[in-house]
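The lines below spell out each chain.
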Amino acid sequence: MVYSYYPGCTLKNKAQDLDRYARMSAEALGFTLEEIEEWQCCGAVYPQASDEIATKLSAVRALNDAKEKGRDLVTLCSACHHVIKRVNDDMQNVEDIRTRANNYLKLDTPYEGETKVLHFLEVLRDHVGFDTLKEKVASPLTGRKIGAYYGCMLLRPSGVMAFDDPENPTIIEDFIRALGAEPVVYPYRNECCGGYISLKEKALAGSLVDHVMESAVDKGAEELITACPLCLYNLKNSGGAKKVPVHYITELLAEALGLIKE
């Protein structure tokens, strides 16, 4: 199975491991992530202004590219996934945005939200299946107590993202379980870490990180995993409370599949 793949800017520099381990793991699990040609930055933040079109066009280009290839579009970065999926919803449901975006792009055939946008975790859950994933694990992460850090962008707004229950998600816990580790559920796993304000409001961002870390440690987590490069950076570098290691979801996946050699 081949999916169109939108990596996003950060996966080409600071978050190369998130990308590299995803590609390796995908091939080991029987599917291919084929990077879209000439993709552009998604903007990292979904524009709230109803009359803002220009900053949505790169997402529409990526979505249309996948449509023309007849494929679903897979993303990894939580911010990219958030922006692209919300723009796709606009193209499906907001006539004014759809009309103006298509007028700008002058596509041979107007794009109307036909592409299905999937996060890498959704491919593992819904297409590969966590039971199948468990069978392919070569080096189970036995004995490791791992907390899922969802953050805010994967889950909200829940009606558009439709990723999981925004208050009680389970997809990453089920993923952890499939890898042979013990998932640790803690109260702040789907609360914002303050990543977007980590430079301007360092004290506030640090306080938010401390809440997440203390919540995880108090419930017994010995490490955290996330799909968000900004969250990983902020969780590692902000705050001063109890700290546990933070990894990308794909790093632990590649490790469990036996693809990372010590």
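Since we're looking at a predicted model, the values are computed, not measured.

## Some details on the layout of surface pockets
Part 1 of the reasoning: In this model, the largest pocket occupies a volume close to 400 Å³.
Part 2 of the reasoning: Lining the largest pocket are 20 residues, and of these Thr-10, Lys-14, Cys-77, Pro-229 and Leu-230 lie nearest its centre.
Part 3 of the reasoning: Counting residues per element, the ones that place at least two in the lining of the largest pocket are helix H3 (78–93) and helix H10 (229–237).
Part 4 of the reasoning: Here the lining of the largest pocket takes six residues from H10, the largest share from any one element.
Part 5 of the reasoning: Tallied by class, residues from the lining of the largest pocket come to 16 nonpolar, two polar and two charged.

## Comments concerning the nonpolar core
Part 1 of the reasoning: Membership of the largest hydrophobic core comes to 85 residues, with the highest contact counts inside it found for Phe-31, Phe-120, Leu-124 and Phe-175.
Part 2 of the reasoning: Once residues within four sequence positions are removed from consideration, Phe-31 is found in contact with Met-1, Tyr-3, Ala-26, Phe-120, Val-123, Leu-124 and Val-128.

## Observations concerning empty space enclosed by the protein
One simple way to see leftover space: roll a probe sized like a water molecule over the atoms.
Part 1 of the reasoning: Under the counting rule described, the total for this entry stands at one cavity of 30 Å³ or more.
Part 2 of the reasoning: Lining the largest cavity we find Cys-152, Met-153, Cys-192, Cys-193, Gly-194, Gly-195, Tyr-196, Cys-228, Leu-230 and Cys-231.

## Here we look at the sheet that holds strand S6 (residues 182–184)
Part 1 of the reasoning: Across the sheet, which stays open at both edges, the four strands sit in the order S6-S5-S7-S8 with parallel pairing between neighbours. On the outer flanks of this sheet lie S6 and strand S8 (246–248), each paired with one strand and no other. For this sheet the average axis-to-axis angle between neighbouring strands, irrespective of direction, equals 40°.
Part 2 of the reasoning: Pairing of strand S7 (residues 223–226) with S8, which is carried by three bridges, proceeds in the parallel orientation. Bridging from a neighbouring strand, Thr-226 pairs with Tyr-248 of S8.
Part 3 of the reasoning: Packing of helix H11 (residues 249–256) onto the sheet brings it into contact with strand S5 (145–148), S7 and S8, and relative to S8 it is tilted by some 75°.

## Some points on the side chain of Thr-250
Part 1 of the reasoning: Within the fold, Thr-250 resides in helix H11.
Part 2 of the reasoning: Judged by relative accessible area, which is 0%, Thr-250 ranks as buried.
Part 3 of the reasoning: For Thr-250, the residues in contact, after removing those within four places along its chain, are Asp-17, Leu-18, Tyr-21, Ala-22, Ser-25, Leu-76 and Phe-120.

## Here we look at unusual backbone geometry
Part 1 of the reasoning: Residue Arg-156 is joined to Pro-157 through a cis peptide bond whose omega torsion reads -5°.
Part 2 of the reasoning: Positionally, Pro-157 belongs in the loop between S5 and helix H7 (158–161).
Part 3 of the reasoning: Of note, the phi angle at Lys-106 is positive, near 50°, even though the residue is not glycine.
Part 4 of the reasoning: Mapped onto the elements, Lys-106 comes out in the loop between helix H4 (95–105) and strand S4 (117–119).
Part 5 of the reasoning: Judged by its relative accessible area of 68%, Lys-106 is exposed.
Part 6 of the reasoning: One non-glycine residue, Ala-162, lies in positive phi territory at about 45°.
Part 7 of the reasoning: For Ala-162, the position within the fold is in the loop between H7 and helix H8 (171–178).

## Examining the packing of helix H1 (residues 16–29) against H11
Part 1 of the reasoning: Direction vectors running N to C along H1 and H11 enclose 40°, while the axes themselves pass 8 Å from each other. Helix-helix and strand crossings are classified by hand; for H1 and H11 the assignment is left-handed. Residues Asp-17, Leu-18, Tyr-21, Ala-22 and Ser-25 of H1 form the contact with H11, whose own contacting residues are Thr-250, Glu-251, Leu-253 and Ala-254.
Part 2 of the reasoning: A class-by-class count of the residues in the contact of H1 with H11 yields five nonpolar, two polar and two charged.

## As for the pattern of salt bridges
Part 1 of the reasoning: Applying the stated criterion to the full structure yields 16 salt bridges.
Part 2 of the reasoning: For Lys-12, the salt bridge goes to Glu-35, with nearest N and O atoms at 2.9 Å. Remark: Glu-35 occurs in strand S2 (residues 32–35) and Lys-12 occurs in the loop between strand S1 (2–6) and H1; sequence separation between them is 23 residues.
Part 3 of the reasoning: A relative accessible area of 39% means that Lys-12 is categorised as partly exposed.
Part 4 of the reasoning: Owing to a relative accessible area of 26%, Glu-35 belongs among the partly exposed residues under this scheme.
Part 5 of the reasoning: Ionic pairing is found between Glu-114 and Lys-67, a salt bridge with its closest N-O pair at 3.6 Å.

## Here's the deal with H10
Residues that lie three or four places apart on an α-helix share one face, since the helix turns once every 3.6 residues.
Part 1 of the reasoning: Every buried residue of H10 is listed here: Pro-229, Cys-231, Leu-232, Asn-234 and Leu-235.
Part 2 of the reasoning: Packing partners of the buried residues in H10 comprise H1, helix H9 (202–218), S7 and S8.

Rules behind the numbers
Residues numbered from 1 in each chain as written. Predicted model: local features only at pLDDT ≥ 70, side-chain atom pairs only at ≥ 80, totals over all residues. Heavy atoms only, no water. 1 Å grid on protein atoms, 1.4 Å probe; cavity = no way out; pocket = protein on both sides within 12 Å on 5 of 7 lines; lining within 4 Å. Points joined across faces, edges and corners; volume = space filled by probe spheres on them. Helix = DSSP H or I, 4+ residues; strand = E, 2+ residues; numbered from the N terminus. Nonpolar A, V, L, I, M, F, W, Y, C, P; charged D, E, K, R; others polar. Core = buried A, V, L, I, M, F, W, Y, C linked by side-chain atoms within 4.5 Å. Buried < 20%, exposed > 50% of the residue type's maximum accessible area, 1.4 Å probe, protein only. Contact = heavy atoms within 4.5 Å. Pairing = 2+ DSSP bridges. Axes fitted to C-alpha atoms, helices over the stretch in contact; angles between N-to-C directions. Left-handed = near helix turned anticlockwise from the far one by under 90°. Salt bridge = Lys/Arg side-chain N within 4 Å of Asp/Glu carboxyl O.

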